[in-house]
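# Topology and contacts: notes
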Amino acid sequence: MGTARPTSINEIGDVEARLLERHYIGDRALATAIFLALKLDKPLFIEGEAGVGKTEAAKVMAEVLDARLIRLQCYEGIDLAHAVYEWNYPRQLLHIRLLDETQDRRAAEREIFSPEFLLRRPLLDAIDNDDAVPPVLLIDEIDRSDEEFEAFLLELLSDFQVSIPELGTIKAKRPPFVVITSNRTREVHDALKRRCLYHWIDYPNLEKEVEIVRARAPEAADGLAREVAALVQGLRGMDLYKVPGVAETLDWARSLAALGATRIDSSLVDATLGAALKYQEDLERVREKVPAMVEKARGA
Ligand SMILES: Nc1ncnc2c1ncn2[C@@H]1O[C@H](COP(=O)(O)OP(=O)(O)OP(=O)(O)O)[C@@H](O)[C@H]1O
Ligand SMILES: [Mg+2]
């Protein structure tokens, strides 16, 4: 299809630079995946642990492309009425009631199945719109939806069209840039993955995480940013119920900065542990190790 996009993304480096401008610390591999997804007009399937920046990548791409972000948050039981369209029954009923006896019933029926009575949900909106730039369609956390819904998406993503029995088939003039994310709580079907380019976002290493904190929590002093990132890196190596993601690192750095800290110490870390750990069992397990962790992080 090769849609022309009114942005000057001509090479992978352009993607890298644009992400950085918006304080998103990506790496070459992610920039390459985004670049190719744009060039080939293919959906980008991003998988990774919780809080590694999957959703944020899509949001930032909408800004980069100066496109509207259309977000479909998936959940168990999501169906076409919530994802694509639904007829506005109350409004249709009201319309029929207001007709007087003399009016032609058949004409009225045709009328109430016109676009005016349609409740447009994200997927329809992504396909049928007058946006100057094709929107970014974020299908977030697809692993939460069920397989039936996935099968429907498969169809939609191959043709970028939706069929509404009363109205006919609606096809996208220009396909949206599609980003699909998954936390991998279950495997997504191969057939769906096959239609996409795939990218796995790992937890960042220490250097990258420090960069993320500097970009997103500039109120944290340089030394603090580094120490918090090092603490979190340490926590990720522990056997915890739920290890912290990048979102937690940022919360932790912001919390400590809000307390006026420019370095960490055991009592500060102990007092703010809830920014990083959200399970009582994890808190207990970590608390006794705080002094050793702090010492190690201060040397990082
Ligand atoms: N590489 C990055 N550069 C800048 N900020 C980042 C990066 N990675 C994560 N973040 C920040 O971390 C937070 C969590 O990111 P996000 O919500 O995108 O994670 P996610 O992978 O979608 O997580 P979940 O699976 O829980 O939905 C956001 O505030 C985001 O700004
Ligand atoms: Mg997310």
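All values derive from a computational prediction rather than experimental measurement.

### A closer look at the sheet that holds strand E1 (residues 44-48)
- Strand order in the open sheet formed by 5 strands is E2-E5-E8-E1-E9, with parallel pairing between adjacent strands. Edge positions in the open sheet fall to strand E2 (69-73) and strand E9 (197-201), since each of these has one partner strand only. Mean inter-strand twist for the sheet, computed between neighbouring axes without regard to direction, equals 20 degrees.
- Here strand E5 (residues 136-140) pairs with strand E8 (residues 177-182) via 4 bridges, running parallel. When the sheet's bridge partners are listed, Val 136 is paired in E8 with Phe 177.
- Contacts from helix H2 (residues 28-40) reach E1, E8 and E9 within the one sheet, and its direction differs from that of E9 by about 160 degrees.

### Remarks on the layout of surface pockets
- The calculated volume of the largest pocket comes to roughly 550 Å³.
- If you trace the largest pocket, you find 31 residues lining it, with Gly 51, Val 52, Gly 53, Lys 54 and Glu 56 closest to the centre.
- Sorting the residues of the lining of the largest pocket by element identifies helix H3 (54-65), E9, helix H10 (206-216) and helix H12 (246-258) as the ones contributing at least two each.
- The dominant element in the lining of the largest pocket, judged by the number of residues it contributes, is H3, at 4 residues.
- Tallied by class, residues from the lining of the largest pocket come to 13 nonpolar, 8 polar and 10 charged.
- In terms of domain composition, the lining of the largest pocket takes at least three residues from each of domain 1 (12-77 + 131-201) and domain 2 (206-295).

### Digging into the state of the cysteines
- With the rule as written, the count across this model stands at 0 disulfides.
- Cys 74 forms no disulfide, and the closest cysteine sulfur to it belongs to Cys 196, at a distance of 12 Å.
- Take Cys 74: its relative accessible area is 1%, and that puts it in the buried class.

### Here we look at the site of ligand 1
- As a matter of local geometry, ligand 1 sits amid 18 residues, with Gly 51, Lys 54, Thr 55, Glu 56 and Asn 183 nearest to it.
- Between ligand 1 and the protein, one listed contact pairs an oxygen atom with a backbone N or O atom of Val 52 at 3.1 Å.
- The contact in question runs from an oxygen atom of ligand 1 to an N or O atom on the side chain of Thr 55, over 2.7 Å.
- For ligand 1, the protein covers 83% of the area, taking 630 Å² as the surface of the free molecule.
- One can see that ligand 1 is located within the largest pocket.
- Mapped onto the shell around ligand 1, the elements with two or more residues apiece are H3, H10 and H12.
- Counted by class, the shell around ligand 1 contains 8 nonpolar, 5 polar and 5 charged residues.
- Inspection of the shell around ligand 1 shows a minimum of three residues originating in each of domain 1 (12-77 + 131-201) and domain 2 (206-295).

### A few points about the domain arrangement of the chain
- Under the domain assignment, the chain is made up of domain 1 (12-77 + 131-201) and domain 2 (206-295).
- Placing the centre of domain 1 and that of domain 2 at their C-alpha centroids yields a distance of 31 Å.
- Contacts between the two partners involve 11 residues from domain 1 and, on the opposite side, 9 residues from domain 2.
- When the two sides are added together, the surface that domain 1 and domain 2 hide from each other amounts to roughly 730 Å², 51% of it contributed by carbon and sulfur.
- In terms of surface lost to domain 2, no three residues of domain 1 exceed His 23, Ile 25 and Gly 51, which account for 62% of the buried area on that side.
- At the junction of domain 1 with domain 2, the criterion picks out 2 salt bridges.
- A salt bridge links Arg 216 to Glu 56, with the shortest nitrogen-to-oxygen separation between them at 2.7 Å.
- The interface formed by domain 1 and domain 2 contains 4 residue pairs in polar contact (both at pLDDT 80 or more).
- Per-class residue counts for the side of domain 1 that touches domain 2 are 5 nonpolar, 3 polar and 3 charged.

### Examining the pairing of E5
- Most of E5 is tucked away: 5 of the 5 residues are buried.
- Side chains of E5 alternate between two faces, with Val 136, Leu 138 and Asp 140 and Leu 137 and Ile 139 buried alike.
- Pairing of E2 with E5 involves 5 bridges; the strand directions are parallel. Within the sheet, the bridge partner assigned to Leu 72 lies in E5 and is Ile 139.

The rules behind the values
Residues numbered from 1 in each chain as written. Chains lettered and ligands numbered in written order. Predicted model: local features only at pLDDT ≥ 70, side-chain atom pairs only at ≥ 80, totals over all residues. Heavy atoms only, no water. Pairing = 2+ DSSP bridges. Helix = DSSP H or I, 4+ residues; strand = E, 2+ residues; numbered from the N terminus. Axes fitted to C-alpha atoms, helices over the stretch in contact; angles between N-to-C directions. Contact = heavy atoms within 4.5 Å. 1 Å grid on protein atoms, 1.4 Å probe; cavity = no way out; pocket = protein on both sides within 12 Å on 5 of 7 lines; lining within 4 Å. Points joined across faces, edges and corners; volume = space filled by probe spheres on them. Nonpolar A, V, L, I, M, F, W, Y, C, P; charged D, E, K, R; others polar. Domains from an automatic or database assignment. Disulfide = S-S within 2.5 Å. Buried < 20%, exposed > 50% of the residue type's maximum accessible area, 1.4 Å probe, protein only. Near = heavy atom within 4 Å. Polar contact = N/O pair within 3.5 Å; in protein donor to acceptor, adjacent residues only side chain to side chain. Areas by Shrake-Rupley, 256 points an atom, 1.4 Å probe, with all protein chains shown as cover. Sits in = over half its atoms within 2 Å of the grid points. Buried area = accessible area lost by both parts, 1.4 Å probe. Salt bridge = Lys/Arg side-chain N within 4 Å of Asp/Glu carboxyl O.

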